[in-house]
Amino acid sequence: MITATGFTNLLKISKNISYYEAWGLFVDLDFDDTKKCIESANYYLSETTDEDEDMYEQDDKYLAWLEYATFLDIISNKLDHHPNASEDDLIEAVIYYLELDDFLD
């Protein structure tokens, strides 16, 4: 499992881990989809299918948030349309996806 504290560190990690090296993104149980929480949350990336399944089963410890590939797609899509997007813009794109199941260009 790979861990990241805060969205800034999640972005740093995501620059070095491809679609194929991590499966799911999990968060703590008290997580909510607000900007403040997304900025400061603890993120857990499962690195194998077995680890992913184990984390799903530990629903008293982890909350499944996004598939890692989906997270990368959200970030990539935003940066493709706005190469100079700020971290706040990227968080906005994540929230937009979570609320509407669509990408924010």
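What counts and how
- Residues numbered from 1 in each chain as written.
- Predicted model: local features only at pLDDT ≥ 70, side-chain atom pairs only at ≥ 80, totals over all residues.
- Heavy atoms only, no water.
- Helix = DSSP H or I, 4+ residues; strand = E, 2+ residues; numbered from the N terminus.
- Rg over C-alpha atoms; globule rule 2.2 N^0.38 Å.
- Buried < 20%, exposed > 50% of the residue type's maximum accessible area, 1.4 Å probe, protein only.
- Contact = heavy atoms within 4.5 Å.
- Expected span 1.5 Å × (residues − 1).
- Phe/Tyr/Trp six-rings, centres within 6.5 Å; stacked < 30°, edge-to-face > 60°.
- Pairing = 2+ DSSP bridges.
- Axes fitted to C-alpha atoms, helices over the stretch in contact; angles between N-to-C directions.

Asker: Mind showing me how you'd approach the overall build of the protein chain here?
Answerer: On a plain count of helices and strands, the protein chain comes out with five helices and four strands. Going from N to C terminus, the protein chain has its helices and strands arranged as β-α-β-α-β-α-β-α-α. Taken over C-alpha atoms, the radius of gyration comes to 13 Å for the protein chain, in line with the 13 Å a tight globule of 105 residues would show. Seen along its three principal axes, the alpha-carbon backbone of the protein chain occupies a region of about 35 × 25 × 25 Å.

Asker: Sorry if this is basic, but what is going on with the environment of Glu39 here?
Answerer: Note that Glu39 resides in helix α2 (residues 35-40). Taking the relative accessible area as the measure of exposure, Glu39 reaches 32% and is therefore partly exposed. Sequence separation between Glu39 and Asp88 is 49 residues; the distance between their C-alpha atoms is 8.9 Å. In this structure, Glu39 is in contact with Gly6, Phe7, Asp88 and Ile91, ignoring residues within four places of it in sequence.

Asker: Even after reading the chapter, I still don't get helix α4 (residues 68-81), so can you show me in this structure?
Answerer: At 3.6 residues per turn, the α-helix brings residues three or four places apart onto the same side. For α4, which comprises 14 residues, the first-to-last C-alpha distance of 20 Å matches the rise-based estimate of 20 Å (1.5 Å per residue) to within 8%. Looking only at α4, the buried set comprises Tyr68, Thr70, Phe71, Leu72, Ile74, Ile75, Asn77 and Lys78. In this structure, the buried residues of α4 make contact with α1 (7-14), β2 (24-28), β3 (42-45), β4 (62-67) and α5 (87-100).

Asker: Would you mind showing me how to read the packing of aromatic side chains here?
Answerer: For any pair of aromatic rings, geometry is given as the distance between the ring centres together with the angle between the planes. Per the stated rule, a full pass over the model turns up nine aromatic pairs. Seen in terms of ring centroids, Tyr43 and Trp65 are 5.4 Å apart; in terms of plane orientation they differ by 45 degrees. Their pairing is tilted. Here the residue Tyr43 occupies a position in strand β3, and Trp65 occupies one in strand β4, the gap between them amounting to 22 residues. When sorted by exposure, Tyr43 lands in the same class as Trp65, which is buried. Aromatic rings pair up to connect Phe7, Phe31, Tyr43, Trp65 and Phe71 into one cluster.

Asker: Quick question: what am I supposed to make of the sheet that holds β2 here?
Answerer: By definition, the strands of a sheet pair up through backbone hydrogen bonds, in either a parallel or an antiparallel sense. Reading across the sheet, the four strands line up as β1-β3-β2-β4 and stay open at both edges, with antiparallel pairing between neighbours. Lying at the two open borders of the sheet, with one neighbouring strand each, are β1 (2-5) and β4. Averaged over all pairs of adjacent strands, the angle between their axes in this sheet comes to 30 degrees, without regard to strand direction. As paired strands, β2 and β4 are joined by five bridges and run antiparallel to one another. If you follow Phe26 over to β4, its bridge partner there is Ala64.

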